[in-house]
Structures are given as C-alpha cells and as structure tokens.
There are 2 protein chains.
Amino acid sequence: MPTERQKGSSRPRELVWARAERATKGPAPSTSRRQIAAAGVALADAEGLEAVSMRKMATALEVGTASLYGYVGSKDEIYDLMVDWVEGEDGPPPPPGGDWRSDLTALAHRIRGSILRHPWMAGVAAGRPNFGPNSLAWVEYGLTALDDLELTIDEMLVASEILHAFVRGFAIRELAEQQALQRAGLDDQEWGRVLGPYMDSIEKSGRYPRFIRVVREAHVPHAADRQEVIFTTGLDYILDSLSPRASR
Amino acid sequence: MPTERQKGSSRPRELVWARAERATKGPAPSTSRRQIAAAGVALADAEGLEAVSMRKMATALEVGTASLYGYVGSKDEIYDLMVDWVEGEDGPPPPPGGDWRSDLTALAHRIRGSILRHPWMAGVAAGRPNFGPNSLAWVEYGLTALDDLELTIDEMLVASEILHAFVRGFAIRELAEQQALQRAGLDDQEWGRVLGPYMDSIEKSGRYPRFIRVVREAHVPHAADRQEVIFTTGLDYILDSLSPRASR
DNA sequence: CACGTACTCCGAACGGTGTTCGGAGAAGAG
DNA sequence: CTCTTCTCCGAACACCGTTCGGAGTACGTG
C-alpha cells in the first residue's frame, strides 16, 4: 500500500510522468526510471512488496541510497513506475480485432493475469490512480473496443468503469484467498489445520447456514480452475448486460 | 497494506478469531480485542493508516507497546480486527426485506459507504481475506437475499462474487481518484495545476483520443454526484443480468 | 580554452518502525 | 500457602523513508 502523505506535507511536485527524465546540463545519470521500475518489480516479485526499500533498490541498482531521490520524489513514485512497467510488460496493445466482445474478454483476462502474476499490484494500485503511458494505452484500447457498440460517451465511460471495477475487484479477492494459502507456509494441509477448526465452530454456531453450504460445496479439489470458471462466468454476465444497450 | 510475511517465518498460530480472548488462569487483561479494533479505526480515520503503529496504539490504549502482543500475533492481525469492526459498526444485518433487488442494492451501497468512510479499508482488505464474524454475517445476508432467485448453489456463489467484486473494485477506483485530489493539498485548483499540463501533453500526443474525450467531457463540476451515478448505473447493469437467470 | 553553473552522487544522520527477549508481578488451582 | 500460569512492559535489535550538505562532473558561454 502506498504510504500516506502526512497532513502538513509540502506541495507535491509535478507528476513523475510530466517531469523530464534527464537534465541538459550536468553529468549523465547512471541509471533510469525504467531500470528503477524493472528493479522494483523484480524485487517485489521475488521477495514481496515489503522488500522494495530504498536501500535494497539502491543496492540492486548499484547506486547510493540517496541518489534515488534524483530520479523520484518519494518511494510512492517508485510504485507508480512499477505499476506502469507491468502495464507495459506484454508490449503495446494490439490493434483491435473488430469483435468487441472478444477484445474486451482478452483485455479482462490480461488485467487479471497482471495482478495474479504480480500480487503486490492490488495493494499498490488501491491508493493511487495511475496515469502512466502504458496504463493509458490499455484504457484507450478498451474504449476503442467499445466504439463498435455505438454508445454515448457517458455510456462508454460507465461500461469501461464497470468492466475495470469487476476485473480488479475479482482479482483482488482471488488474490487474497491465494495469499492466505501461501501465508500458511506454502502448504495446503497446514491451511486446513488452521482454518478447519474455526470453520467447524462457525458451522456449529448455526448462524451462517448458507455461507457454510457454499464453502463446503465449493471446496473441491481443483480450486484454481474453480476461480477461472467463476471469473469467466461473471465476465459473461457483464458483457451480456452491455450488448443490449448497443441496439437502442 | 498488510505487511507481507517473510519466507522463513515460523508457522502461524491459529486465526485471531479462533483464539480464546481470555485465559482462565492469570490476571485479567486490561484491555480487549474490541477496544484495540476501535482504537485502530479511530487512529486510521483521523490520521491515516500509517498512523496505526504499535507504539501509537499502545499510547492510545494506555498500555505498554509490547503488551499488545498478548492480544494479537502481529500488526496484520490488528488490521483484521479493524476490518471486522467496520463491518459491524452499523449493527447486525437486518432481516431480509423480501425483495431481493432492493436488498442487494442496499447491501452494495453499504459496502461502498464503508470503504468511502474508511479510506484505509481498500488497501488493508487487498491482501488478506477476512473471516471475522461481522464480515460473515453480511456475506450470509447477501446469500439470503439471493435465495429468492432459486439459483443453484454454484450460481449463487457466482452471483455473490460478481456483486462483491464490482462493488469493491468500483469503490477502490473511486477512492484512488478522491485521494489523489486530497493529496494535492485538499485543493481542487492545485490538482488541476499539477495534472493539467500533463493532460495537455497527452492530448497533443494524439495517441489517446478516446481517453481525452472521456476526460474532458466527464470533467463536470459535480464530480461527487457523477461517481454516484456511475455506481448506481453499473449496479443496475449487474442486477439486470442476474434476474433472467432466475426464470430458467 | 577556462570559467561558472547546474547538475549527479552519496555518507551520515534523524526520528521513526515491527518485533523479541526476559524479568517482574498478579491471580486462580491444589 | 505454594505453584503454576498468565499479563505486563522497558530495553534492545535491525531496519525503514527522507534530508542535509559537500564533493565531483560535464556542458554552455565568454
């Protein structure tokens, strides 16, 4: 999660994206924002977001700790760079394929994939909007796909927001479950040992009968695939609700 | 954001919710998990999540810092307690009103309200699932409302997941926008000064025409109300897509 | 070519952080 | 009354984000 600004903080500089990467005068910088982003992503992927500290970043980049503040105004800006790096890791958006439905489906799976591949994304993106060039390119891609539906500009905005909200919200929930598993020591059985007794007591309390029914019934062996099915089904529900609005 | 566990950490104890609050033998504890949760929420609401430190919590509760570890296994567990405290702050769920659609609408608005009222919720809930009693009660409420639709158990699960995913995802996005505004110094004009030049350069690049169109057109005076409208519209889309599945 | 300026680099320090350790003291069990 | 078991917590450890101010470098200009 992005560190929160304290109340009396000095006025923010310009956005990272708006500041020039390199000055014209002094010595050449020995690294770049792009390298900083890549190093941050590598660190966070390997050891978790907590491992992204200014000192470790500096060590990874073979640079003094304080030097990073020449590239970045604060640690939060490193998060911004990391998010946009991930948005760009698969290359730029392809040209739309002409079928809005499959374009949007692909977009949704891509967003979900990014979050699952980089679990720290959920927490980082929660507190700050991201206006990086790669993020914008993918938003533009989604809006372009929606063009085929001949919606008003307001309907397009709503449609885009709904899609992104669902995908992001779903991936976050999926991730929380997945990480809880991982936290119990990378061991499925261990998790059962910890959660099991509590679930039993919940069941015995009798206050959550439908929840218990869902949990017991959904506790099938192929949990990973189950999430896949729920996601795809939910996505279809949402795309279904978009199409009738095209033929007004 | 929840602190991530490091790899070699010792095995986790039981869940907070499963551990006994009070032992039978020694002296009586001088505070309670409930008070810890309330103090944490108050601190986070007033000064941001970053202000929730073990030392400040201990000071607020008039207790030594190390004493907190008798109530809680780690700082993350304090986050768990805080989330469930918020889930319970409006009292227990009412009995379902008989109309599934209005029940679910009310539920959605309640979740969104909680996140907007306690902005730190988004980041905290991103990394950990919450199985606290109050959270479960509201999940149960949603499932109960869905009972009227005569869905299969799997359809109920999907429907519940979709609703929660959309609401959570939307609130997070809304919050990010709102906090970016706040970060610029509680000043709308300041934000324009920071963002404006960047948006102009984006526009001049010509690479994001649809995005620019949406931004310019959505930049109306009544921004707060705009979010309300988008949320309500999106929610209706989703509920619309649920109802046809009732009459299979 | 040389000067001045504008920049990059970064060691050291400041005030915080989460968590552990181990002793002191309180209260129910026998 | 003793013993056991719990609560409490000061002190310490390793680390954190950020700031300061000096040293060094390369370009624009005279």
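Everything discussed here concerns the structure shown above.
Residues numbered from 1 in each chain as written. Chains lettered and ligands numbered in written order. Predicted model: local features only at pLDDT ≥ 70, side-chain atom pairs only at ≥ 80, totals over all residues. Heavy atoms only, no water.

**Student:** Just checking my understanding: could you explain the pattern of salt bridges for this structure?
**Tutor:** A side chain of one charge can pair with a side chain of the opposite charge if their charged atoms are brought near each other. A full pass over the atoms with the stated rule returns 32 salt bridges over all chains. In this structure, glutamate 89 of chain B engages arginine 117 of chain B in a salt bridge whose closest nitrogen and oxygen atoms are separated by 3.3 Å. Here glutamate 89 of chain B, found in the loop between helix 3 (75-88) and helix 4 (100-117), pairs with arginine 117 of chain B, found in helix 4; they are 28 residues apart in sequence, far enough to count as distant. On the basis of relative accessibility, which here comes to 44%, the residue arginine 117 of chain B falls in the partly exposed class. Between arginine 117 of chain B and aspartate 90 of chain B there is a salt bridge; the shortest N-O distance is 3.7 Å. Linking arginine 117 of chain B in helix 4 with aspartate 90 of chain B in the loop between helix 3 and helix 4, this pair joins segments that are 27 residues apart in sequence. Among the charged side chains, a salt-bridge network with shared partners connects Glu87, Glu89, Asp90, Arg110 and Arg117 of chain A. (Salt bridge = Lys/Arg side-chain N within 4 Å of Asp/Glu carboxyl O. Helix = DSSP H or I, 4+ residues; strand = E, 2+ residues; numbered from the N terminus. Buried < 20%, exposed > 50% of the residue type's maximum accessible area, 1.4 Å probe, protein only.)

**Student:** So what exactly am I meant to see when it comes to the packing of aromatic side chains here?
**Tutor:** Pairs of aromatic rings are described using the distance from one ring centre to the other and the angle between the two planes. Counting across every chain of the model gives eight aromatic pairs over all chains. When the centroid spacing of 5.6 Å and the interplanar angle of 70° are considered together, the rings of tryptophan 138 of chain A and tyrosine 141 of chain A count as edge-to-face. Of this pair, tryptophan 138 of chain A and tyrosine 141 of chain A both sit in helix 6 (residues 133-146), separated by three residues, roughly a single helical turn. Taken as a pair, tryptophan 138 of chain A and tyrosine 141 of chain A share a single burial class, namely buried. Ring centres of phenylalanine 166 of chain A and phenylalanine 170 of chain A lie 5.9 Å apart, and the angle between their planes is 40°; on these two criteria the pair is classed as tilted. Of this pair, phenylalanine 166 of chain A and phenylalanine 170 of chain A both sit in helix 7 (residues 153-183), four residues apart, which is roughly one turn of that helix. Comparing phenylalanine 166 of chain A with phenylalanine 170 of chain A, the two get one shared label, buried. A connected cluster of aromatic rings, assembled from ring pairs, spans Phe166, Phe170 and Phe231 of chain A. Sitting over the ring of tryptophan 138 of chain A, arginine 110 of chain A keeps its end group 3.5 Å from the ring centre. A cation over a ring is seen here: arginine 112 of chain B above phenylalanine 231 of chain B, with NZ or CZ 4.8 Å from the ring centre. (Phe/Tyr/Trp six-rings, centres within 6.5 Å; stacked < 30°, edge-to-face > 60°. Lys NZ or Arg CZ within 6 Å of the ring centre and 35° of its normal.)

**Student:** Help me understand the protein's contact with DNA strand C in this model?
**Tutor:** The full set close to DNA strand C counts 25 residues, and Ser30 and Gly64 of chain A together with Arg55, Tyr69 and Lys75 of chain B are the nearest of them. Considering the 4 Å shell around the protein, atoms of DNA strand C inside it are sugar or phosphate in 62% of instances. Within the contact set of DNA strand C, a phosphate oxygen lies 2.7 Å away from a backbone nitrogen or oxygen of serine 30 of chain A. At a separation of 3.0 Å, a phosphate oxygen of DNA strand C approaches a polar side-chain atom of serine 53 of chain B. A class-by-class count of the residues in the surface near DNA strand C yields 11 nonpolar, eight polar and six charged. (Near = heavy atom within 4 Å. Polar contact = N/O pair within 3.5 Å; in protein donor to acceptor, adjacent residues only side chain to side chain. Nonpolar A, V, L, I, M, F, W, Y, C, P; charged D, E, K, R; others polar.)

**Student:** Got a minute to help me understand the protein's contact with DNA strand D in this structure?
**Tutor:** Around DNA strand D, the structure places 25 residues, and the nearest of them are Met54, Arg55, Tyr69 and Lys75 of chain A together with Ser30 of chain B. Each atom of DNA strand D within 4 Å of the protein belongs either to a base or to sugar and phosphate, the latter forming 62%. Within the contact set of DNA strand D, a phosphate oxygen lies 2.9 Å away from a side-chain nitrogen or oxygen of serine 53 of chain A. Within the backbone of serine 30 of chain B, one N or O atom sits 2.6 Å away from a phosphate oxygen of DNA strand D. Take the surface near DNA strand D: its biggest share by element is three residues, from helix 2 (residues 54-61) of chain A. When grouped by side-chain class, the residues that make up the surface near DNA strand D number 11 nonpolar, eight polar and six charged.

**Student:** How should I be thinking about the relation of the copies chain B and chain A in this particular structure?
**Tutor:** Taken together, a rotation about one axis and a shift along it account for how the two chain copies relate. Superposing chain B onto chain A requires a rotation of 180° together with a translation of 0.0 Å along the rotation axis, leaving an RMSD of 0.1 Å. Accordingly, the operation relating the two chain copies is best matched by a two-fold axis. The overlap is high: 100% of the interface residues of chain B also sit at the interface in chain A, so the same surface is used on both sides. (Least-squares fit on C-alpha atoms with pLDDT ≥ 70 in both. Contact = heavy atoms within 4.5 Å.)

**Student:** Before we go on, may I ask you to explain helix 2 of chain A in this structure?
**Tutor:** Quick reminder: α-helices carry 3.6 residues per turn. Residues three or four places apart thus point the same way. Residue and element names in this part refer to chain A. Within the sequence span of helix 2, burial applies to Met54, Met57, Ala58 and Leu61. The buried side chains of helix 2 occupy one side of the element, clustering within an arc of 100° when seen end-on. Set apart from the buried face of helix 2 by more than 90 degrees, the exposed residues are Arg55, Thr59 and Ala60. Where helix 2 is buried, its residues touch helix 1 (33-47) and helix 3 (75-87). Looking at the residues trailing helix 2, positive phi occurs at glutamate 62, about 55°. (Arc of directions from axis to C-beta.)

**Student:** Teacher, can you tell me more about the interface of chain B and chain A here?
**Tutor:** Many structure descriptions define interface size as the accessible area lost when the parts assemble. The interface is formed by 78 residues belonging to chain B together with 78 residues belonging to chain A. Across the chain B to chain A interface the summed buried area is about 7,500 Å²; carbon plus sulfur atoms make up 66%. Joining chain B to chain A, the criterion identifies six salt bridges. For arginine 173 of chain A, the salt bridge identified is with glutamate 161 of chain B, shortest N-O distance 3.3 Å. Our count for the contact surface shared by chain B and chain A stands at 14 residue pairs in polar contact (both at pLDDT 80 or more). Among the secondary structure elements, those contributing two or more residues to the side of chain B that touches chain A are helix 5 (120-127), helix 6 (133-147), helix 7 (153-183), helix 8 (188-205), helix 9 (209-218) and helix 10 (223-242) of chain B. Ranked by residue count, the leading element in the side of chain B that touches chain A is helix 7 of chain B, at 17 residues. (Buried area = accessible area lost by both parts, 1.4 Å probe.)

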